[in-house]
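Inside the fold
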Amino acid sequence: MGVYVGNLSYDVTEADLNGVFAEYGAVKRVTLPTDRETGRVRGFAFVDLDSDAEEQAAIDALDGAEWMGRDLRVNKAKPRENRR
């Protein structure tokens, strides 16, 4: 499913996230949504690690941790809701 990472700095890059989450396991994918109008990072991301155990280790270690001047919100990603 993946990990949701919220309250990110607007200066964060995929490489930054890859580096932090690589400490907890093999990073399969980092998705860093950007605003359609400005192209600026929206302040959250999704990170997929190799296993559920690695994802849980990252959640336990990083939820509430300060990084790049912000207190991170890290938890299991929820399935996207259909907005229709």
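What this report covers is the structure whose coordinates are included nearby. (Residues numbered from 1 in each chain as written. Predicted model: local features only at pLDDT ≥ 70, side-chain atom pairs only at ≥ 80, totals over all residues. Heavy atoms only, no water.)

This part is about the sheet that holds strand β3 (residues 44–49). An order of β2-β3-β1-β6 is seen for the four strands of this open sheet, with the pairing classed as antiparallel. Unpaired on one side and paired on the other, β2 (27–31) and β6 (73–76) mark the two borders of the sheet. Shown here is a sheet whose adjacent strand axes are inclined to one another by a mean of 20 degrees, direction ignored. When strand β1 (residues 3–6) meets β3, the two strands line up antiparallel, connected through four bridges. Its bridge partner being in β3, Tyr4 is matched across the sheet by Phe46. (Pairing = 2+ DSSP bridges. Helix = DSSP H or I, 4+ residues; strand = E, 2+ residues; numbered from the N terminus. Axes fitted to C-alpha atoms, helices over the stretch in contact; angles between N-to-C directions.)

The phi torsion at Asn7 lies on the positive side, around 65 degrees, for a residue other than glycine. Take Asn7: it is sitting in the loop between β1 and α1 (14–21). With phi around 55 degrees, Met68 is a residue other than glycine that occupies positive phi space. Tracing the backbone through its elements, the reader meets Met68 in the loop between β4 (66–67) and β5 (70–71).

Before going further, it helps to examine the pattern of salt bridges. Evaluation of the coordinates by the stated rule reveals three salt bridges. Notably, a salt bridge pairs Arg29 with Asp48, separated by 2.7 Å at the nearest N-O pair. Of this pair, Arg29 sits in strand β2 while Asp48 sits in strand β3; the two residues are 19 residues apart in sequence, bridging distant segments of the chain. In this structure Asp48 comes out as buried when scored by relative accessible area, which is 14%. Residues Glu55 and Lys76 are paired through a salt bridge, measuring 2.7 Å at the closest nitrogen-oxygen approach. (Salt bridge = Lys/Arg side-chain N within 4 Å of Asp/Glu carboxyl O. Buried < 20%, exposed > 50% of the residue type's maximum accessible area, 1.4 Å probe, protein only.)

Turning to the side chain of Ser9, a few remarks are in order. Within the secondary structure, Ser9 is located in the loop between β1 and α1. Within the structure, Ser9 has its side chain in polar contact with the backbone nitrogen of Asp11 (distance 3.1 Å). The contacts of Ser9, once residues within four sequence positions are left out, are Met68 and Arg70. (Polar contact = N/O pair within 3.5 Å; in protein donor to acceptor, adjacent residues only side chain to side chain. Contact = heavy atoms within 4.5 Å.)

Geometric descriptors of this kind do not, in isolation, establish any biological role.
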